[in-house]
Amino acid sequence: MIVVLDFGSQYTQLIARKIRQLSVYAEIHPYNVPLETIRSLQPRGIILSGGPSSIYDAGAPCLNPEIFGLNVPVLGICYGLQAMAHCLKGRVEKAPSREYGHKSIEVLNGDSLLKGLPKRSRVWMSHGDRVEKLPAGFEILASSDTCGTAAVRHATKPLFGLQFHPEVHHTTHGERILANFALNICGIKPDWTMGSFIDRTIEELRETVGKRRVVCAVSGGVDSTVMATLMHRAIGKQLRPVFVDNGVMRLNEPEQVVAMFRDQLHIPVIHKRSANRFLSQLKGIEDPEEKRRRIGREFIEVFFSELKDGDFLAQGTLYPDVIESVSTKGPSATIKTHHNRVKEVLALIRQNRVIEPLKELFKDEVRAVGAELGIPHEVLWRHPFPGPGLAIRVLGEVTRARLDLLRKADAILIEELKSSGMYGKIWQALAVLLPVRSVGVMGDFRTYDNVIALRCVESTDGMTADWVRMPEDVLARISSRIINEIRGINRVVYDVSSKPPSTIEWE
């Protein structure tokens, strides 16, 4: 395996994902994990992630110099390079200006880490500091017009560093660089597959659960569906899947989800009809974080009616959920609160009563696991849907009337995307009801009605995303149908922002 030490980068999970795409297992640990833990894992290589700190900040995460005594290749990325250089008595200084975005590098030595790269290639920079003086024994592999140490290595030891981010898709040959490190420099055999993950996870689940029950949260989305199917494969009737109808689902979704589990996956599901409870909790609430907190709390309350003493709670948590909600691996910044990390769940985690078999996987890996388990294609490739549902797509107060408007608009959007063949080309499509009204003219009469925003993005893992350049005729048809078929909407707009700096969801 390769151990990735997390110094707080929002891209840390992408490093692991890119390594795993090479069929090499990667595991993430905090930057300050005890050295004995790393030794026990017997890694063939170590990657130091980027991070938001400056190496000279008070409390900045520091690299344990004993890492270099493990005699395995080490690759430092961005802050990871700076931490390595600082630890080995080099000099790191603030750059004249922060570099963020595309840069062109010139390869000066392409024999090892940069093997196979053209003389010039495009990379993604995101840093405020840079290495101004290399530690003794290091040499430059590549440079840019603003960064003389874009890529470096030690002349005799397997120590490497990159000032740019090979893990993001903006770096043209990033995957080749990581492959050079994992397969050639570390010498790892690419034999980690989703099939091996399933076998190992089923064995671990059976050992963990024993003869106890597991109450499993299912929503009909890809994550919880794959999780439930994997759990059912492992423990069968000991699994108690519960579908909570929280009142903020899409049009006809509750009935469709229950039927899918029953008829296609042959897994019986308990249907908890709880819309009134959730909507009463959302009355008068506009703040998105408060919406998430209230939905999370109510979600757990509903589950506690099924959870008995000694039972486990299973969740379909993924890597992006973890990194965007709470810093469990390293000092990464919190972006937003997820419903699967409310205080009641955290309490169960402390009791070792929460099972999250997918928490180290990205979305594409989850789909690959689902395919191995025989889950239907149309289920696996369903677009992501947030845990708080339409509550965070109705901007402002959530009411039944506003939900009904959004449900109809969302149904039209998805229907037209499927009929035009666009649905499968899009990572996620959603409609958002804006907290504004606009003037319009319909049938020679003035209207003052609601506005719907459409958002369609392409991505591979949800960590970064770009807006989809939709065919104009498809957009025109969606807009026309929404305005003409839904009384109360007179304007449709299209979101053309990417992640970062925006998030995929509006709230």
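This is a predicted model, so every value here is computed, not measured.

### As for the overall build of the chain
No. 1: For the chain, the count of helices and strands is 15 helices and 18 strands.
No. 2: By its C-alpha atoms, the chain is 75 × 65 × 40 Å across when sized along the principal axes.
No. 3: Out of the 507 residues belonging to the chain, those deemed buried represent 59%.
No. 4: Relative to all contacts within the chain whose residues are 6 or more apart in sequence, the contacts with residues 24 or more apart total 74%.
No. 5: Surface summary for the chain: the accessible area is close to 21600 Å², and the carbon and sulfur share equals 50%.
No. 6: The average position of the 66 basic charges and that of the 59 acidic charges among the side chains of the chain differ by 2 Å.

### Some points on the packing of helix α8 (residues 275–282) against helix α9 (residues 288–304)
No. 1: The interhelical angle for the contact between α8 and α9, taken along N-to-C directions, is 150 degrees, at an axis separation of 10 Å. Overall, the two elements α8 and α9 adopt an arrangement that is roughly antiparallel. In this structure, α8 crosses over α9, and the sense of that crossing is right-handed. Taken together, the residues of α9 that come into contact with α8 (itself represented by Arg277, Phe278, Gln281 and Leu282) are Lys291, Arg294, Ile295, Glu298, Phe299, Glu301 and Val302.

### Structural notes on the packing of helix α5 (residues 194–209) against helix α12 (residues 363–373)
No. 1: Running from N to C, α5 and α12 point in directions that differ by 75 degrees, and their axes come no closer than 9 Å. Classified by the angle between their axes, α5 and α12 sit roughly perpendicular to one another. Residues Met194, Gly195, Phe197 and Ile198 of α5 form the contact with α12, whose participating residues are Glu365, Ala368, Val369, Glu372 and Leu373.
No. 2: Its residues assigned to classes, the contact of α5 with α12 shows 6 nonpolar, 1 polar and 2 charged.

### Describing the confidence of the model for the chain
No. 1: This prediction gives the chain a mean pLDDT of 90; 95% of its residues lie at or above 70.
No. 2: Per-element confidence in the chain is highest for strand β3 (residues 45–48), whose mean pLDDT is 98, and lowest for helix α10 (residues 319–325), whose mean pLDDT is 61.
No. 3: Counting contacts from residues 331–337, a segment whose pLDDT is below 50, to residues more than four positions away or on other chains yields 28 contacts.

### Let's talk about the side chain of glutamate 356
No. 1: Among the secondary structure elements, glutamate 356 is positioned in the loop between β14 (354–355) and α12.
No. 2: A polar contact of 3.0 Å, which involves the side chain of glutamate 356, links it to the side chain of glutamine 315.

### A look at the pattern of salt bridges
No. 1: Scanning the entire structure with this criterion turns up 30 salt bridges.
No. 2: Measuring nitrogen to oxygen at the nearest pair gives 2.6 Å for the salt bridge that ties glutamate 36 to arginine 39. Residue glutamate 36 and its partner arginine 39 are both found in helix α2 (residues 35–41); the two are separated by 3 residues, about one turn of the helix.
No. 3: The class of glutamate 36 is exposed, set by a relative accessible area of 54%.

### Re empty space enclosed by the protein
No. 1: Taken as a whole and judged by the stated rule, the model has 2 cavities of 30 Å³ or more.
No. 2: Roughly 40 Å³ of volume is contained in the second largest cavity.
No. 3: Lining of the second largest cavity is provided by Leu14, Arg17, Lys18, Glu167, Val168, His169, Thr460, Asp461 and Thr464.
No. 4: Partitioned by chemical class, the residues of the lining of the second largest cavity number 2 nonpolar, 3 polar and 4 charged.

### Section: the sheet that holds strand β10 (residues 214–218)
No. 1: The strand order across the open sheet built from 5 strands is β12-β11-β10-β13-β14, with neighbouring strands paired in parallel fashion. Edge positions in the sheet fall to β12 (270–273) and β14, since each has one partner strand and no second.
No. 2: As paired elements, strand β13 (residues 312–314) and β14 share 2 bridges and run parallel to each other. Note that in β14 the partner of leucine 313 across the bridge is valine 354.

### Thoughts on helix α11 (residues 343–350)
No. 1: Every buried residue belonging to α11 is among Glu344, Val345 and Leu348, and all of these are buried. When α11 is viewed along its axis, its buried side chains cluster within an angular range of 100 degrees and face the same direction. Summarising the geometry of α11, the exposed residues directed more than 90 degrees from the buried face are Lys343 and Arg350.
No. 2: The secondary structure elements touched by the buried residues of α11 are α9, β13 and β14.
No. 3: Looking at the residues trailing α11, positive phi occurs at asparagine 352, about 60 degrees.

### Quick word on the nonpolar core
Where a protein is soluble and globular, its nonpolar side chains tend to be buried together.
No. 1: The biggest cluster of nonpolar side chains holds 47 residues, and the ones touching the most others in it are Leu417, Ile452, Met470 and Ile482.
No. 2: Broken down by element, this core gets its largest block of residues, 8 residues, from helix α14 (residues 400–420).
No. 3: With residues near it in sequence (within four places) discarded, isoleucine 482 still touches Ala409, Ile412, Ile452, Leu454, Ile489 and Val492.
No. 4: With 41 residues, the next largest nonpolar core counts Trp192, Ile198, Val257 and Ala314 among its residues.

### Examining the packing of aromatic side chains
No. 1: Scanning all chains against the criterion turns up 6 aromatic pairs.
No. 2: The interplanar angle of 50 degrees and the centroid separation of 5.6 Å between the aromatic rings of phenylalanine 7 and tyrosine 79 together place this pair among those described as tilted. One end of the pair, phenylalanine 7, is in the loop between β1 (2–6) and α1 (12–20); the other, tyrosine 79, is in helix α3 (residues 79–87), with 72 residues separating them in the sequence. An identical accessibility class is assigned to phenylalanine 7 and tyrosine 79; each is buried.
No. 3: The interplanar angle of 80 degrees and the centroid separation of 6.4 Å between the aromatic rings of phenylalanine 160 and phenylalanine 181 together place this pair among those described as edge-to-face. Of this pair, phenylalanine 160 sits in strand β9 (residues 159–162) while phenylalanine 181 sits in helix α4 (residues 174–185), placing them 21 residues apart in sequence. Each member of the pair, phenylalanine 160 as well as phenylalanine 181, is classed as buried.
No. 4: Pairwise contacts between aromatic rings join Phe7, Tyr31 and Tyr79 into one cluster.
No. 5: Over the ring of tyrosine 423 we find lysine 418, and its NZ or CZ is 5.1 Å from the ring centre.

### Details of unusual backbone geometry
No. 1: Look at the link from lysine 499 to proline 500: it is a cis peptide, with omega at -10 degrees.
No. 2: Locating proline 500 in the fold gives a position in the segment after β18 (489–494).
No. 3: In the segment running from proline 500 into proline 501, the intervening peptide bond is cis, with an omega of 10 degrees.
No. 4: Position of proline 501 among the secondary structure elements: in the segment after β18.
No. 5: A positive phi is found at serine 23, a non-glycine position, where the angle reads about 65 degrees.
No. 6: Tracing the sequence through the fold places serine 23 in the loop between α1 and β2 (26–30).
No. 7: Serine 23 gets classed as partly exposed once you look at its relative accessible area, which sits at 23%.
No. 8: Positive phi, close to 60 degrees, is recorded for asparagine 71, a residue that is not glycine.
No. 9: Here asparagine 71 shows up in the loop between β3 and β4 (74–77).

Thresholds, definitions, all that
Residues numbered from 1 in each chain as written. Predicted model: local features only at pLDDT ≥ 70, side-chain atom pairs only at ≥ 80, totals over all residues. Heavy atoms only, no water. Helix = DSSP H or I, 4+ residues; strand = E, 2+ residues; numbered from the N terminus. Buried < 20%, exposed > 50% of the residue type's maximum accessible area, 1.4 Å probe, protein only. Contact = heavy atoms within 4.5 Å. Areas by Shrake-Rupley, 256 points an atom, 1.4 Å probe, with all protein chains shown as cover. Lys, Arg positive; Asp, Glu negative; His and termini not counted. Charge placed at Lys NZ, Arg CZ, Asp CG, Glu CD. Axes fitted to C-alpha atoms, helices over the stretch in contact; angles between N-to-C directions. Parallel < 35°, antiparallel > 145°, perpendicular 65-115°, else oblique. Left-handed = near helix turned anticlockwise from the far one by under 90°. Nonpolar A, V, L, I, M, F, W, Y, C, P; charged D, E, K, R; others polar. pLDDT = per-residue confidence, 0-100. Polar contact = N/O pair within 3.5 Å; in protein donor to acceptor, adjacent residues only side chain to side chain. Salt bridge = Lys/Arg side-chain N within 4 Å of Asp/Glu carboxyl O. 1 Å grid on protein atoms, 1.4 Å probe; cavity = no way out; pocket = protein on both sides within 12 Å on 5 of 7 lines; lining within 4 Å. Points joined across faces, edges and corners; volume = space filled by probe spheres on them. Pairing = 2+ DSSP bridges. Arc of directions from axis to C-beta. Core = buried A, V, L, I, M, F, W, Y, C linked by side-chain atoms within 4.5 Å. Phe/Tyr/Trp six-rings, centres within 6.5 Å; stacked < 30°, edge-to-face > 60°. Lys NZ or Arg CZ within 6 Å of the ring centre and 35° of its normal.

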